[in-house]
Amino acid sequence: MTPDLLQALQDPLVAQSIRFAMNLVGMMMLVFGMYYRRYRDKELVTAAALFNIFVFAVLTILSSVNFSVAAGFGLFAILALFTLRSEPLTKTEMTYFFGSVAIAVISSVQGTTLPFAAMVVLFVLVGAYVVDHPRMLQSVSGAKVTLDKIHLTLLSDPKTMRAELSERLGVDVLSYQVLQLDYITEMARLNVFYRKH
């Protein structure tokens, strides 16, 4: 590297701009390039992307005023839990959401060098790509389903309920997760995980 480039990289504004660009690229690859292409969930993509930017901004400020890393992680955990309590998320949704926030934390902490932070972000992206690749595990699709009545077998006999859902949906239902039961309107909301015949 030339002396001018080294001097430019030591400028805090330039270094922070590089960190922000690294954060955006990492977040976009994870959330848009992997999650959205596989699951097409616009709502979670929007939430994860914006939360990533907000966390990066907050931690950048906290890091620049000698706020301790432990306190920053505590704040990050509180914000994440507060956000996730509003609606149940599937394990995959929660993992990608946390991954987006993790990239913001990794990129914004100023006690690390830029190459080290870039390497850790790359590690997160490669891990997510490999572990959630459709060829790694046999692909199972999921859908949110609203039933117009609460079936008696919904909680008491999952095997019978899976068979009924399979017949109604025309797919092989492997499992389901009850999201909401409303006895006033006699409706049930489910996450249904299935495989096509």
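Cut-offs applied
Residues numbered from 1 in each chain as written. Predicted model: local features only at pLDDT ≥ 70, side-chain atom pairs only at ≥ 80, totals over all residues. Heavy atoms only, no water. Patch = residues over 30% accessible without salt bridge, like charges linked within 9 Å, V, L, I, M, F, W, Y side chains within 5 Å. Areas by Shrake-Rupley, 256 points an atom, 1.4 Å probe, with all protein chains shown as cover. Salt bridge = Lys/Arg side-chain N within 4 Å of Asp/Glu carboxyl O. Helix = DSSP H or I, 4+ residues; strand = E, 2+ residues; numbered from the N terminus. Buried < 20%, exposed > 50% of the residue type's maximum accessible area, 1.4 Å probe, protein only. Expected span 1.5 Å × (residues − 1). Arc of directions from axis to C-beta. Axes fitted to C-alpha atoms, helices over the stretch in contact; angles between N-to-C directions. Parallel < 35°, antiparallel > 145°, perpendicular 65-115°, else oblique. Contact = heavy atoms within 4.5 Å. Nonpolar A, V, L, I, M, F, W, Y, C, P; charged D, E, K, R; others polar. Phe/Tyr/Trp six-rings, centres within 6.5 Å; stacked < 30°, edge-to-face > 60°.

Draft legend 1. Quick peek at a nonpolar patch on the surface. A cluster of nonpolar side chains, namely Leu122, Val126, Tyr129, Val130 and Val131, defines an oily patch on the protein surface of about 460 Å² accessible area. On the secondary structure map, Val131 appears in helix H6 (residues 114-131). Overall, the relative accessible area of 57% leaves Val131 in the exposed class.

Draft legend 2. Representation of H6. The first and last C-alpha atoms of H6 sit 26 Å apart over 18 residues, in line with the 26 Å expected at 1.5 Å per residue. The complete set of buried residues in H6 reads Leu114, Ala117, Val121, Leu125 and Ala128. Axial view of H6: buried residues confined to an arc of 75°, hence all on one face. In this structure, H6 carries Pro115, Leu122, Phe123 and Val131 as exposed residues pointing more than 90 degrees from its buried face.

Draft legend 3. A look at the packing of helix H2 (residues 12-39) against H6. Relative orientation of the contacting elements H2 and H6 amounts to 0°, with a least axis distance of 11 Å. Considering their axes alone, H2 and H6 lie roughly parallel with respect to each other. Facing H2, whose interface residues are Ala15, Ile18, Arg19, Met22, Gly26, Met29, Leu30, Met34 and Arg38, H6 presents Leu114, Ala117, Ala118, Val121, Leu125, Ala128 and Tyr129. Residue composition of the contact of H2 with H6, grouped by class: 13 nonpolar, 1 polar and 2 charged.

Draft legend 4. Representation of the packing of aromatic side chains in the model. Within the structure shown, the criterion is met by 3 aromatic pairs. Between the aromatic rings of Tyr35 and Tyr96, the centroid separation amounts to 5.0 Å while the plane-to-plane angle is 55°, which identifies the pairing as tilted. Here Tyr35, found in helix H2, pairs with Tyr96, found in helix H5 (residues 91-108); they are 61 residues apart in sequence, far enough to count as distant. Its relative accessible area of 3% is what places Tyr35 among the buried residues. Centre to centre, the rings of Phe51 and Phe97 are 5.2 Å apart; their planes meet at 40°, and the pair counts as tilted. Remark: Phe97 occurs in helix H5 and Phe51 occurs in helix H3 (residues 42-64); sequence separation between them is 46 residues.

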